[in-house]
Each structure stands twice: as C-alpha cells, then as structure tokens.
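Here's the letter readout for the chains.
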Amino acid sequence: MPLRDAARVACVSRIFLSSWRFRPNITFSTETLGLDKNVDGEAKKNELAQDFTRKIDHILKNHSGVGLKALSIAFYYGYNADPSCYLNRWLEIAATQTRA
C-alpha cells in the first residue's frame, strides 16, 4: 500500500495507525507523500520543500524502529531546501532501527 494511502487510512483506523509503524520498507517521494511537485513560483517551491521535509521528519520520528530494512528518500528535481540538519537525524534513525 502506498504511504499516501496508508496515511489516509490511519486517520480512520487506530489499529492501522499502529501497524504502519512497523513497515519494513519506507519510500519517500512527492508521490508517496501526496505532494504536487509541479508548482510555479519560488514561494510555492519553498513551501513544497518544507512540506516534503516536515512530513518525512514526522513519519520517521513516529516509526517504531522495529523491522526497518530499507529507507528510500527520492529528492525531486528542484528541491531547494537544505535537508542537512534533517539528514543526519534521519540516517541515525534508520541505522538505529535496522540494527534493532
């Protein structure tokens, strides 16, 4: 099930909300996060980059850490934010979780 659909279902189901936290493979992209990367204007591009980063950060902070085997982050062409402060934390979360 795509992450976007999982997020929608999680709003409806507490049981599912708990189950997604154990997903072994997580892929982040504009598509899986439900973001439209075809925006015009610098302000909209900045907003898109912030939403992309914020959603990834929120999801990884809430993942249980149990059984994570693969983490994929597909930065889109034109991504204009500096994710370096987040990347270290995301990689640390992933590395910790894959060793657990």
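Residues numbered from 1 in each chain as written. Predicted model: local features only at pLDDT ≥ 70, side-chain atom pairs only at ≥ 80, totals over all residues. Heavy atoms only, no water.

Explain the pattern of salt bridges here, please?
Side chains that carry opposite charge are capable of pairing whenever their charged atoms lie near each other. Going through the model one piece at a time under the given rule, you end up with three salt bridges. Note that Asp 57 and Lys 61 form a salt bridge whose closest N and O atoms lie 3.2 Å from each other. Here Lys 61 and Asp 57 lie together in helix H3 (residues 42-62), a separation of four residues that amounts to about one turn. Given the relative accessible area of 7%, Asp 57 is considered buried. A salt bridge links Asp 57 to Arg 89; the nearest nitrogen and oxygen atoms lie 3.0 Å apart. (Salt bridge = Lys/Arg side-chain N within 4 Å of Asp/Glu carboxyl O. Helix = DSSP H or I, 4+ residues; strand = E, 2+ residues; numbered from the N terminus. Buried < 20%, exposed > 50% of the residue type's maximum accessible area, 1.4 Å probe, protein only.)

How should H3 be read in this particular structure?
Helical geometry: 3.6 residues make up each α-helical turn, so side chains three or four residues apart lie on a common side. The terminal C-alpha atoms of H3, which comprises 21 residues, lie 30 Å apart, in line with the 30 Å expected from a rise of 1.5 Å per residue. Of all the residues in H3, the buried ones are Leu 48, Ala 49, Phe 52, Thr 53, Ile 56, Asp 57, Ile 59 and Leu 60. (Expected span 1.5 Å × (residues − 1).)

Quick question: what am I supposed to make of the environment of Asp 36 here?
Inspection of the secondary structure assignment puts Asp 36 in the loop between strand S1 (25-28) and H3. In this structure the side chain of Asp 36 is engaged in a polar contact, spanning 3.0 Å, whose partner is the backbone nitrogen of Asn 38. (Polar contact = N/O pair within 3.5 Å; in protein donor to acceptor, adjacent residues only side chain to side chain.)

It is not clear to me how the nonpolar core should be interpreted in this structure. Could you clarify?
The nonpolar side chains of soluble globular proteins are, as a tendency, buried together. Counting 17 residues, the largest nonpolar core has Phe 28, Leu 33, Phe 52, Ile 56, Leu 60 and Tyr 76 as its most contacted members. A per-element tally of this core places H3 first, with six residues. Excluding anything up to four places from it in sequence, Phe 52 contacts Ser 29, Thr 30, Leu 33, Leu 35, Ile 73, Ala 74, Phe 75, Tyr 76 and Tyr 79. (Core = buried A, V, L, I, M, F, W, Y, C linked by side-chain atoms within 4.5 Å. Contact = heavy atoms within 4.5 Å.)

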